[in-house]
Amino acid sequence: MRKALCAVATLMLWACGGSGGGETVQSRQEGLTLSAETGDTRGTFARDGGEVAFSAREVEPGVYRLEVRLRGMTLAGLLDPASGVSTMDGFADEGAADTQLTDADRELLSAFYDALSAQLPTGDAAAPEAMYLRRAVGLWAQHPSTVELQRTVMGEQGRGYTMLCSYARCNGKNTGSCGGVYNWYSYAKHDCNKGGFSYAGNQQIAQLGDHTSCGGDEFYLSGSSWLCGEPDHWSRPKVMGNCFGRCGGGCGGDTQYTLDATNHDGCVRNGHVLASAWCDDQFVSATDDELFASNCY
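Note that the coordinates shown come from a computational prediction; the quantities given were computed from them, not determined experimentally.

S.K.: Help me understand the sheet that holds strand β6 (residues 85-92) in this model?
M.R.: Sheets are built from strands paired through backbone hydrogen bonds, the pairs being either parallel or antiparallel. The seven strands are arranged β1-β2-β3-β4-β5-β6-β7 in an open sheet whose pairing can be described as antiparallel. If you trace the sheet from one side to the other, it starts and ends with β1 (31-37) and β7 (151-154), each paired once. With strand direction ignored, the average angle separating the axes of adjacent strands in the sheet is 15°. Where β1 meets strand β2 (residues 40-47), seven bridges bridge the pair, whose relative direction is antiparallel. Bridge pairing in β2 links Glu37 to Asp40. Along the sheet, helix α3 (residues 128-141) makes contact with β1, β2, β3 (50-60), β4 (63-70), β5 (73-80) and β6, crossing β4 at roughly 50°. Along the sheet, helix α5 (residues 280-292) makes contact with β5, β6 and β7, crossing β7 at roughly 65°.

Quick look at the structure:
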């Protein structure tokens, strides 16, 4: 923050009752309901009996306070993008005890993220507080249960995150078919129970960007044929599709392509699941990318 040293204390005071958002979430109509005023976006989301209440406010120039309430917990964030500093937290509504996300929480958050991406304007066209809400929800939707929810996140372009916008283009376009003209990024890397970053089975040669998908999955090259699916620790396979390298789940509502997000994709799409503990280090490294990296287009 411009008052960065006070950020954690400010967030904790707000989390214990300073937000004025203590009302119980009532039964909602299915889908997303949004209301927006200058510097203030809030609403509800409901799906299959799961309910979310949320708010995002500009609390001082360029500083945004987020709150997402679901399934007996509150997720909170205080973001200062200009300084590249944020505090993130999650706690149980009962007694404000520390808590952790479950698969059911992530499933509901993922659906909420998809709804925000569908209804809000894309990229920088969204109101700033709404854009940062969308980014934070996308981050929480991927948050592994083995990573603490209460964290301070700091990022700085060139150090905290490295942009890969040029690799998200193929055939001269940011979106659409590559037409056989690819712009491979070598490599998407991770470390896990199979080995370290230098192990060829933990590396993929990826075409980044929003160019193709198959049933929500990606394509990989097997011999001379493109197949739909995810190869499990093959030696440097060529892969593409489903917005590989993009911050957030799937193709989301922002267009950030970064090195750390590429490596996280390379982990969860290479024999691991989204919230796999083997991908924790890649997730943590990509956190500041998702919150603060600029949109590529």
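We are not done yet, so read on.
S.K.: Got a minute to help me understand the packing of helix α4 (residues 259-268) against α5 in this structure?
M.R.: In a pair of packed helices, the angle between the axes and the distance between the axes together describe the arrangement. Close contact between α4 and α5 brings their axes to 8 Å; oriented N to C, the two are set at 145°. Like other packed secondary-structure pairs, α4 and α5 cross with a definite hand, here left-handed. Of the residues in α5, those in contact with Asp260, Ala261, Asn263, His264 and Cys267 of α4 are Gln282, Phe283, Ser285, Ala286 and Asp289.

S.K.: Explain unusual backbone geometry here, please?
M.R.: A negative phi angle is the norm for most residues apart from glycine, just as the trans form is the norm for most peptide bonds. Residue Tyr187 is bonded to the preceding Ser186 through a cis peptide linkage, with omega at 5°. Along the chain, Tyr187 turns up in strand β8 (residues 185-189). The residue Arg71 is not glycine, and still its phi comes out positive at about 45°. Tracing the backbone through its elements, the reader meets Arg71 in the loop between β4 and β5. At Cys243, a position not held by glycine, the phi torsion is positive, near 55°. Among the secondary structure elements, Cys243 is positioned in the loop between β12 (238-240) and α4. Owing to a relative accessible area of 1%, Cys243 belongs among the buried residues under this scheme.

How each quantity is defined
Residues numbered from 1 in each chain as written. Predicted model: local features only at pLDDT ≥ 70, side-chain atom pairs only at ≥ 80, totals over all residues. Heavy atoms only, no water. Pairing = 2+ DSSP bridges. Helix = DSSP H or I, 4+ residues; strand = E, 2+ residues; numbered from the N terminus. Axes fitted to C-alpha atoms, helices over the stretch in contact; angles between N-to-C directions. Contact = heavy atoms within 4.5 Å. Left-handed = near helix turned anticlockwise from the far one by under 90°. Buried < 20%, exposed > 50% of the residue type's maximum accessible area, 1.4 Å probe, protein only.

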